[in-house]
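Below, each chain spelled out in residue letters.
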Amino acid sequence: MRLLIVEDEPDLLRALARALREDGYAVDTAEDGEDGRFKALECDYDAIVLDWMLPVINGLEVLKALRAKKQTPVLMLTARTAVNHRIEGLNTGADDYLAKPFDINELRARLRALIRRSGGQARDQIVIGGVNVDTWSKSVTLSGEPVVLTAREYALVEYLALRRGKMVSRTELYEHLFDENEDSLSNLLDVRVSLVRKKLGAEFIQTRRGQGYCIP
Ligand code: CA
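Rules of the game
- Residues numbered from 1 in each chain as written.
- Predicted model: local features only at pLDDT ≥ 70, side-chain atom pairs only at ≥ 80, totals over all residues.
- Heavy atoms only, no water.
- Helix = DSSP H or I, 4+ residues; strand = E, 2+ residues; numbered from the N terminus.
- Rg over C-alpha atoms; globule rule 2.2 N^0.38 Å.
- Buried < 20%, exposed > 50% of the residue type's maximum accessible area, 1.4 Å probe, protein only.
- Contact = heavy atoms within 4.5 Å.
- Areas by Shrake-Rupley, 256 points an atom, 1.4 Å probe, with all protein chains shown as cover.
- Lys, Arg positive; Asp, Glu negative; His and termini not counted.
- Charge placed at Lys NZ, Arg CZ, Asp CG, Glu CD.
- Donors = N, O, S within 2.8 Å, 3.2 Å for Na, K, Ca; no water.
- Phe/Tyr/Trp six-rings, centres within 6.5 Å; stacked < 30°, edge-to-face > 60°.
- Lys NZ or Arg CZ within 6 Å of the ring centre and 35° of its normal.
- Core = buried A, V, L, I, M, F, W, Y, C linked by side-chain atoms within 4.5 Å.

(A) The overall build of the chain, seen in detail. Scanning the chain from terminus to terminus reveals 8 helices and 11 strands. Its C-alpha radius of gyration of 18 Å places the chain within 12% of the 17 Å reference for a compact globule of 216 residues. If you line up the chain on its principal axes, its C-alpha atoms span 55 × 35 × 30 Å. Here the chain, with 216 residues, has 48% of them falling under the buried criterion. Across the chain, every contact between residues at least 6 apart in sequence was considered, and the portion connecting residues at least 24 apart equals 56%. In the structure as shown, the chain presents an accessible area of about 10600 Å², 50% of it carried by carbon and sulfur atoms. Both charge centroids of the chain, one from 31 positive and one from 34 negative side chains, sit 5 Å from each other.

This is the structure we're talking about:
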């Protein structure tokens, strides 16, 4: 899952990006509304965290431009006192909002719920042979035994598991699992796939040359 955070307070932006990367998301960042709008339209994010008060153009304008083209889930950050912002934001198509200052764990939980709702995911558990993927706790078991995956390995498994039976191209995986700072020319993806295979079985993820990867 790849996220965009648009936030002009450097400390908050850094803290959010770090926390969400720890959760296994690929995270892009923007520090003003113009850059945020550009990235939001350019890339198909799984969700966007959008501050209201931003330099150049404000969050509401970014949201309006986005909603004219895309339904990417958006969580808006507003000032606690600005009730009218919340109402206006929700009316314009924000999916949720959080008032500043907020607890970062609440943002994590709301984001997870938002992505889940937008994916139309009805169940927490995806069962694939002996492998059980729990998308709520972000954990995996094999034959009932917990398997330790890194957050990034888990992100790959979840992405493919949610699209089980479908061939997912390398391009799509790079777009959703890696952020703008990671080198897509390197073999990061192959490394991650081979580590997952070591842990969950060689057949768990299949490769079709020139097409991509699939959990059959
Ligand atoms: Ca701000």
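Here the narrative resumes.
(B) Expanded view of the coordination of the calcium ion. Within the protein, the calcium ion binds to Asp8 (OD), Asp51 (OD) and Met53 (O); these donor distances fall in the range 2.1 to 2.3 Å. Donor residues binding the calcium ion come from one chain and are separated in sequence as D-x42-D-x1-M. Note that Asp8 is positioned in the loop between β1 (2–6) and α1 (10–22) and Asp51 in strand β3 (residues 47–51), a separation of 43 residues in sequence. A relative accessible area of 3% means that Asp51 is categorised as buried.

(C) Local environment of the packing of aromatic side chains. Within the structure shown, the criterion is met by 1 aromatic pair. For Arg112, the ring lying beneath its charged end belongs to Trp136, and the centroid distance is 5.5 Å. Positioned above the aromatic ring of Tyr159, the side-chain terminus of Arg163 is 3.5 Å from the ring centre.

(D) Molecular detail of the nonpolar core. Membership of the largest hydrophobic core comes to 27 residues, with the highest contact counts inside it found for Leu156, Leu173, Phe204 and Ile205. Elements supplying a minimum of two residues to this core: β6 (125–128), β7 (131–134), α6 (151–161), α7 (170–177) and α8 (188–200). Looking at this core, the element that brings in the most residues is α6, giving 7 residues. When sequence neighbours within four positions are dropped, the list of residues in contact with Phe204 reads Ile128, Val131, Val157, Val196, Cys214, Ile215 and Pro216. Core analysis: the second largest hydrophobic core is formed by 20 residues, Leu3, Val49, Leu111 and Ile115 among them.

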